[in-house]
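# Structure assessment
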Amino acid sequence: MDFKYKIDDRPALGAMSLYGLQWLMICIPVVLTSTFVAPEGQTLFFTQKLFALMGVTMIINSLWGHRLPLIAGPAAVLLMGVLAAKGQGSGSEAIYPSMAIGGAIIALLAAMGLMRKVQRIFTPRIVVAIVVLISFTMAKPIVGMIFSDAEHQLLAMIFAVVTVVAMAVANNILKGVWKSMVVIVAMIVGSIFYYCIIGFPKSFVTDSVAPQLFVGGVELDAGVVIAFIFCYVALFINQVGSVQSLGEFTGADKLERRQSRGMIVQGVMNVVAGAVGVVGPVDYSLSPGVVASTSCASRYTVIPAAVAMIVLAFIPDAVSVLLTIPQPVMGVVLLYLMATQVAAGLHLAEGSGAVKSFKDGLVLAIPIMFTVILSFAPQSALSTIPSLLRPIVGNGFVMGIIIILLLEHLFLKDKKQ
């Protein structure tokens, strides 16, 4: 594809600002849909830290890391890790240090040149399974967000169906820049519509707990650490896939080096995320579509968006306004994003030939079903699991990964492997 601006080109100031604004409109929903894991009474400052961390990550990666126009956002797989750990009674002192350990591990793997060896473990079926498992594990929190308003649950149900279908139709019809604006437009229009029916809020979001930049303490729990290591297996795959897909699409050179440097940056920034108590970043795979629609592959165009996110982080009043978006609207947007994740997994399965027989389908289906069941398992059942194993066995996503690894490489292994 011929690009108006190639990877290392620097557009003029006016063009740079416009491209940056487009990236910003994509970045904002990515951050806002991840704030539901914030500690109670700290949503505002938690969101400010997220904006700042994602902005810094994007700047470092565009200038030094993979040097590609990729946007960073809170990793969905880590959101699941935080939710699962909280569900098992773990606090921030155990969750975020475990996240930092996971980030340090992937940074070291990349720095030591071991990425290629690790990648051999992940067959196409395992990659497809992990991509799909992320969405199914998010089902429970999405249900909770959509039906969070007990007085308007029928409205929420109708709103969810109509909005998701409308977003899918818009994504199919719209072209160019407008196609990438579907999510942010849905959040704005959906919020206005929802508040027109139930009434507009009389106040904005504020914190009831004093701001705390760093995690209050460190409490290492072996089970939580191991669970997060499995989460970082998925983050590793996600990161590799995002860089690989955009690198090939834009014809970037030295792709292996870009992979290593990008992974080092993500690992280090996940350590930072663990230290400040927020969800760690990963590069999103939305970029190829945006680059194709604008014919602009310049890595410098994400920098204005990243700077704007950092500036936004220091304006709590602006962040507070953004956080007034109703929970049902956030849940519906997240539902749509997770549906696109499943679609990406199915597309990958077709393109890679991951499912050629009934047995191949079973290898994918079993971990998916276990993930769903464990995600909705009653707390009374999970509490019977020994405390050391509870963060692992009680985490549907982690168990899904363990099961797919065992099926693929041991119990239902292909004879040619």
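First, a word on what this report is: a plain description of the structure on this page. Predicted, not measured: the structure shown is a model, and the values here were computed from it.

This part is about the state of the cysteines. Applying the stated criterion across every chain, the model contains 0 disulfides. With no disulfide of its own, cysteine 296 lies closest to cysteine 27 among cysteine sulfurs, the gap being 14 Å.

Bringing the side chain of aspartate 283 into the picture now. Take aspartate 283: it is sitting in strand E2 (residues 281-283). Buried and without a salt bridge, aspartate 283 has arginine 258 as its closest oppositely charged side chain, separated by 11 Å. One polar contact links aspartate 283 to histidine 66, side chain to side chain, over a distance of 2.8 Å. Sequence-distant contacts of aspartate 283, that is, excluding residues within four places in its chain, are made with Asn61, His66, Leu70, Ile71, Ala72, Asn238, Gln239, Ser242, Val243 and Gln266.

With that settled, the discussion passes to the packing of helix H1 (residues 13-32) against helix H10 (residues 182-198). One way to put it is that H1 packs onto H10 with a least axis distance of 8 Å and a crossing angle of 60°. When the interaxial angle is binned, H1 and H10 end up oblique. Crossing handedness for the pair H1 and H10: left-handed. On H10, the residues that touch Met25, Pro29 and Leu32 of H1 are Val183, Ile184 and Met187. In terms of residue class, the contact of H1 with H10 is made up of 6 nonpolar, no polar and no charged.

Moving on to the environment of leucine 412. Relative to the helices and strands, leucine 412 resides in the segment after helix H20 (396-411). With 53 residues separating them in the primary sequence, leucine 412 and lysine 359 have C-alpha atoms 7.8 Å apart. Aside from chain neighbours lying at most four places away, what touches leucine 412 is Lys359, Val363 and Leu407.

The next subject is the pattern of salt bridges. Applying the stated criterion to the full structure yields 7 salt bridges. We note a salt bridge from aspartate 8 to arginine 299, for which the minimum N-O separation is 2.8 Å. Of the two residues, aspartate 8 is situated in the segment before H1 and arginine 299 in the loop between helix H13 (287-294) and helix H14 (302-313); the sequence distance between them amounts to 291 residues. You can call aspartate 8 partly exposed: its relative accessible area is 44%. Of the charged contacts in the structure, one is a salt bridge between glutamate 408 and arginine 125, with a shortest N-O distance of 2.9 Å.

To continue, consider a nonpolar patch on the surface. Where nonpolar side chains cluster on the molecular surface, the patch consists of Leu154, Met157, Ile158, Val161, Val162, Val165, Val169, Ile173, Leu174 and Trp178 and spans about 1000 Å² of accessible area. Top contributing element to the nonpolar patch by residue count: helix H8 (residues 153-173), with 8 residues. You can see tryptophan 178 is positioned in helix H9 (residues 176-180). Look at tryptophan 178 and you get exposed, because its relative accessible area is 58%.

The periodicity of an α-helix, 3.6 residues per turn, causes residues three or four places apart in sequence to face the same way. Here helix H6 (residues 124-137) is 14 residues long and its end C-alpha atoms lie 20 Å apart, about the 20 Å a rise of 1.5 Å per residue gives. In terms of burial, H6 is a largely internal element, 12 of the 14 residues being buried. Residues of H6 that are buried: Arg125, Ile126, Val127, Val128, Ala129, Ile130, Val131, Val132, Leu133, Ile134, Ser135 and Thr137. On its buried face, H6 sits against helix H3 (76-87), helix H7 (139-146), helix H11 (222-250), helix H16 (327-352), helix H17 (358-375) and H20.

Moving on, we get to the packing of aromatic side chains. The final tally for this structure, using the stated rule, is 6 aromatic pairs. For the ring pair phenylalanine 122 and phenylalanine 236, a centre distance of 6.2 Å and an interplane angle of 40° mean the geometry is tilted. Pair noted here: phenylalanine 122 is in the loop between helix H5 (115-119) and H6 and phenylalanine 236 is in helix H11, with a separation of 114 residues, a long-range link. Residue phenylalanine 122 is classed as buried on the basis of its relative accessible area, which comes to 14%. Phenylalanine 236 sits in the buried class, given a relative accessible area of 3%. Ring centres of phenylalanine 159 and tyrosine 194 lie 5.7 Å apart, and the angle between their planes is 65°; this geometry places the pair in the edge-to-face category. With phenylalanine 159 in helix H8 and tyrosine 194 in helix H10, the pair connects residues that are 35 residues apart, well separated along the chain. This pair shows no difference in class: phenylalanine 159 is buried, exactly as tyrosine 194 is. Here the aromatic residues Phe159, Phe193 and Tyr194 are joined through ring pairs into a cluster of three or more. A cation sits over an aromatic face here: arginine 10 above tyrosine 300, 4.2 Å from the ring centre. Here the guanidinium or amino end of arginine 261 rests over the ring plane of tryptophan 64, the centre of that ring lying 4.3 Å away.

Here is what the cut-offs are and how they apply
- Residues numbered from 1 in each chain as written.
- Predicted model: local features only at pLDDT ≥ 70, side-chain atom pairs only at ≥ 80, totals over all residues.
- Heavy atoms only, no water.
- Disulfide = S-S within 2.5 Å.
- Helix = DSSP H or I, 4+ residues; strand = E, 2+ residues; numbered from the N terminus.
- Buried < 20%, exposed > 50% of the residue type's maximum accessible area, 1.4 Å probe, protein only.
- Lys, Arg positive; Asp, Glu negative; His and termini not counted.
- Salt bridge = Lys/Arg side-chain N within 4 Å of Asp/Glu carboxyl O.
- Polar contact = N/O pair within 3.5 Å; in protein donor to acceptor, adjacent residues only side chain to side chain.
- Contact = heavy atoms within 4.5 Å.
- Axes fitted to C-alpha atoms, helices over the stretch in contact; angles between N-to-C directions.
- Parallel < 35°, antiparallel > 145°, perpendicular 65-115°, else oblique.
- Left-handed = near helix turned anticlockwise from the far one by under 90°.
- Nonpolar A, V, L, I, M, F, W, Y, C, P; charged D, E, K, R; others polar.
- Patch = residues over 30% accessible without salt bridge, like charges linked within 9 Å, V, L, I, M, F, W, Y side chains within 5 Å.
- Areas by Shrake-Rupley, 256 points an atom, 1.4 Å probe, with all protein chains shown as cover.
- Expected span 1.5 Å × (residues − 1).
- Phe/Tyr/Trp six-rings, centres within 6.5 Å; stacked < 30°, edge-to-face > 60°.
- Lys NZ or Arg CZ within 6 Å of the ring centre and 35° of its normal.

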